[in-house]
Amino acid sequence: MIEEVEAHARIAATTATGGEEWTGLEGLRGRYLRGEVRAGVALPGFDQSAMDGYALRWRDLEAGRGTLRVVGVSAAGGAARRELGEGECVRILTGAPMPPGADTVVMQEDVRREGDRIALACAAQRGEWVRKAGEIVCRGQLLLGGGELLGSAAVGLLASQGCHGARVGRRPTVAVVTTGDELVEVAGDGREPGAALRGGEIFNSNGPMLAAAVARFGGHCVARLHAPDELSATVAVLSEALAVAEVVVVAGGVSVGDRDFVRPALEVCAAREEFWRVRIQPGKPLLYATADGGRQVFGLPGNPVSALTCCTVFVAPALRLRAGAAEPVREGQRQVEIGERLENGGSRPHYLRGRLDEEGRFRLVGKQVSHSLLGAARASHLLRLDAGATCEVGERSWALELP
Ligand code: AMP
Ligand code: MG
């Protein structure tokens with residue numbers, strides 16, 4: 001059995017950043033940028049009004065003019081027209097170009113208008129309500145750095161620059177493999193769910209759960225396979241998984257039971273075992289192996305909460321790194337305040353399932369057992385508590401976001 005830090009180090013040492021591809025705007029959210037993006041156009045691109053109001057020359061106000069004559073309208077999308085003369089102003093709308101000569105906008109709420117004349121109802125400030133060309137972004141400015149996770153706003157920022165896509169890390173291909181004779185695939189055939197189960201059978205929950213988690217962590221699930229508890233069948237399924245995916249996430253069959261065939265099957269598949277068993281709870285039976293071509297196999301314990309915990313703690317950083325993340329480990333981690341006293345009387349670090357209450361404080365959810373997803377399904381974070389450690393209310397600790 002190895003320590004968790006060593007497991008992380010071995011995984012990191014055998015995980016390489018994957019390739020890259022060009023992706024259109026609609027596919028960019030959740031992807032990692034490759035290389036930096038610099039501004040091709042200034043923002044704003046021209047001097048414009050920040051309000052609905054009147055564009056005027058400050059010096060006319062300074063000269064003590066009580067009223068100004070409205071000589072035209074500048075609306076968003078229209079080109080700026082002739083230069084403003086003495087005592088003139090232009091009705092202007094938000095985002096519209098400032099007419100040449102104008103340097104100040106007064107809000108329409110601060111103006112009394114009679115016919116084609118306006119009088120200011122309160123004092124204006126020189127240059128107010130004008131967005132100057134390039135004041136937010138100038139050409140060549142760094143907008144987004146390499147390895148950054150693109151969110152919706154980044155997609156909008158790229159669009160505001162006229163980019164119709166960007167180069168991003170290719171999502172690693174992943175095969176999710178489940179094992180076990182007791183498992184029944186959810187059929188969705190309209191039958192009463194229980195009717196599909198015979199004695200001793202359970203529905204396959206890890207398969208759909210891990211496929212969902214993999215997608216959340218930046219992977220592209222290309223296969224969902226299942227192996228019965230038999231060596232040659234496990235070899236066949238794992239070979240197929242290794243043939244179609246860069247990362248294989250297999251659940252169950254990695255323990256010390258008579259019917260746990262993943263370890264011997266991986267040996268037949270020429271995968272090299274990097275480690276087996278890590279000192280954590282849940283998740284002790286975790287197996288990690290590598291194969292030629294930079295392929296990786298994560299053998300997760302079969303108990304669903306253990307599988308999800310290991311996927312979040314160990315598989316996620318590897319997938320993010322392959323997908324091009326600059327901070328694969330830090331991502332998904334956050335500091336939380338403890339909302340109830342936590343204690344780990346065990347001999348292994350414990351990943352506790354909980355959620356943040358209205359004050360953002362971590363509270364446990366459900367029974368902390370590894371065979372039931374009832375609590376985990378309502379939990380938002382995993383909180384790691386060292387062996388023998390306690391955490392008092394109000395203390396801060398790191399937590400991992402559940403997928
Ligand atoms: P194993 O690691 O194969 O011994 O499995 C440990 C426990 O997890 C057993 O109770 C299995 O029935 C359960 N289990 C394994 N795989 C799955 C799965 N895909 N969905 C739900 N439970 C599972
Ligand atoms: Mg099993």
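What you see is a predicted model; the values in this text were computed from it and never measured.

Participant: What am I meant to see in the domain arrangement of the protein chain here?
Facilitator: Taken domain by domain, the protein chain consists of domain 1 (4-19 + 170-322), domain 2 (22-42 + 139-169), domain 3 (48-131) and domain 4 (333-401). Inter-centroid distance (C-alpha atoms) of domain 2 to domain 3 is 36 Å.

Participant: What should I look at first to understand the site of ligand 1 in this one?
Facilitator: In the vicinity of ligand 1 there are 15 residues, among which Glu-182, Asn-204, Ser-205, Gly-253 and Gly-302 approach most closely. Gly-253 is positioned such that a nitrogen or oxygen atom in its backbone is 2.9 Å from an oxygen atom of ligand 1. With the chains in place, 76% of the 480 Å² that ligand 1 exposes on its own is no longer accessible. When atoms are counted within 2 Å of each cavity's grid points, the one that captures over half of ligand 1 is the largest pocket. Elements represented by at least two residues in the shell around ligand 1 include exactly β13 (173-179) and β15 (202-203). Within the shell around ligand 1, the residues separate by chemical class into four nonpolar, nine polar and two charged.

Participant: Whenever I open this one, the side chain of Asn-206 confuses me. Can you help?
Facilitator: Checked against the element boundaries, Asn-206 lands in helix α4 (residues 206-216). There is a polar contact of 2.7 Å between the side chain of Asn-206 and the backbone oxygen of Gly-302. Setting aside anything within four residues of it in sequence, one finds Asn-206 in contact with Thr-178, Ala-251, Gly-302, Pro-304 and Ala-307.

Participant: What exactly am I supposed to notice about the packing of α4 against helix α7 (residues 304-322) here?
Facilitator: Helix packing geometry: the angle between the two helix axes and the distance between the axes. One can describe the packing of α4 onto α7 by two numbers: an axis separation of 10 Å at closest approach and a directional angle of 25°. The pairing of α4 with α7 is recorded here as roughly parallel in orientation. The way α4 lies across α7 gives a crossing that is right-handed. Contact residues: α4 offers Asn-206, Met-209, Leu-210, Ala-213 and Val-214, while α7 offers Pro-304, Ala-307, Leu-308, Cys-311 and Leu-319. Considering only residue class, the contact of α4 with α7 consists of nine nonpolar, one polar and no charged.

Participant: Just to check I follow, could you spell out the sheet that holds strand β20 (residues 295-300) for this structure?
Facilitator: Read from one edge of the open sheet, six strands run β16-β13-β17-β20-β19-β18, paired in mixed fashion. With partners counted over all chains shown, the strands left at the sheet margins are β16 (220-227) and β18 (272-276), one partner each. Direction aside, neighbouring strands of the sheet carry axes that sit 20° apart on average. In the sheet, strand β19 (residues 287-291) pairs with β20 via five bridges, with the strands oriented antiparallel.

Participant: So what exactly am I meant to see when it comes to the pattern of salt bridges here?
Facilitator: Opposite charge on two side chains lets them pair, provided their charged atoms get close. This structure, assessed with the given rule, holds 27 salt bridges. For Glu-36, the salt bridge is made with Arg-38, and the minimal N-O distance between the two is 2.7 Å. Looking at Glu-36, the relative accessible area reads 46%, which means it is partly exposed. Relative accessible area serves as the criterion here: at 45%, Arg-38 is assigned to the partly exposed category. Look at the salt bridges and you will find they share partners, linking Glu-4, Arg-384 and Asp-386 into a network.

Participant: Would you mind showing me how to read the sheet that holds strand β5 (residues 67-74) here?
Facilitator: Pairing between the strands of a sheet is mediated by backbone hydrogen bonds and can be parallel or antiparallel. If you walk across this open sheet you meet the six strands as β7-β4-β6-β5-β9-β8, and the pairing is mixed. Each end of this open sheet is capped by a strand with a single partner; those strands are β7 (104-107) and β8 (111-114). For this sheet, the mean angle separating the axes of adjacent strands, direction not counted, is 40°. With four bridges connecting them, strand β4 (residues 53-56) and strand β6 (residues 88-92) associate as antiparallel partners. Within β6, the residue paired with Leu-56 across the bridge is Cys-89.

About the cut-offs
Residues numbered from 1 in each chain as written. Chains lettered and ligands numbered in written order. Predicted model: local features only at pLDDT ≥ 70, side-chain atom pairs only at ≥ 80, totals over all residues. Heavy atoms only, no water. Domains from an automatic or database assignment. Near = heavy atom within 4 Å. Polar contact = N/O pair within 3.5 Å; in protein donor to acceptor, adjacent residues only side chain to side chain. Areas by Shrake-Rupley, 256 points an atom, 1.4 Å probe, with all protein chains shown as cover. 1 Å grid on protein atoms, 1.4 Å probe; cavity = no way out; pocket = protein on both sides within 12 Å on 5 of 7 lines; lining within 4 Å. Sits in = over half its atoms within 2 Å of the grid points. Helix = DSSP H or I, 4+ residues; strand = E, 2+ residues; numbered from the N terminus. Nonpolar A, V, L, I, M, F, W, Y, C, P; charged D, E, K, R; others polar. Contact = heavy atoms within 4.5 Å. Axes fitted to C-alpha atoms, helices over the stretch in contact; angles between N-to-C directions. Parallel < 35°, antiparallel > 145°, perpendicular 65-115°, else oblique. Left-handed = near helix turned anticlockwise from the far one by under 90°. Pairing = 2+ DSSP bridges. Salt bridge = Lys/Arg side-chain N within 4 Å of Asp/Glu carboxyl O. Buried < 20%, exposed > 50% of the residue type's maximum accessible area, 1.4 Å probe, protein only.

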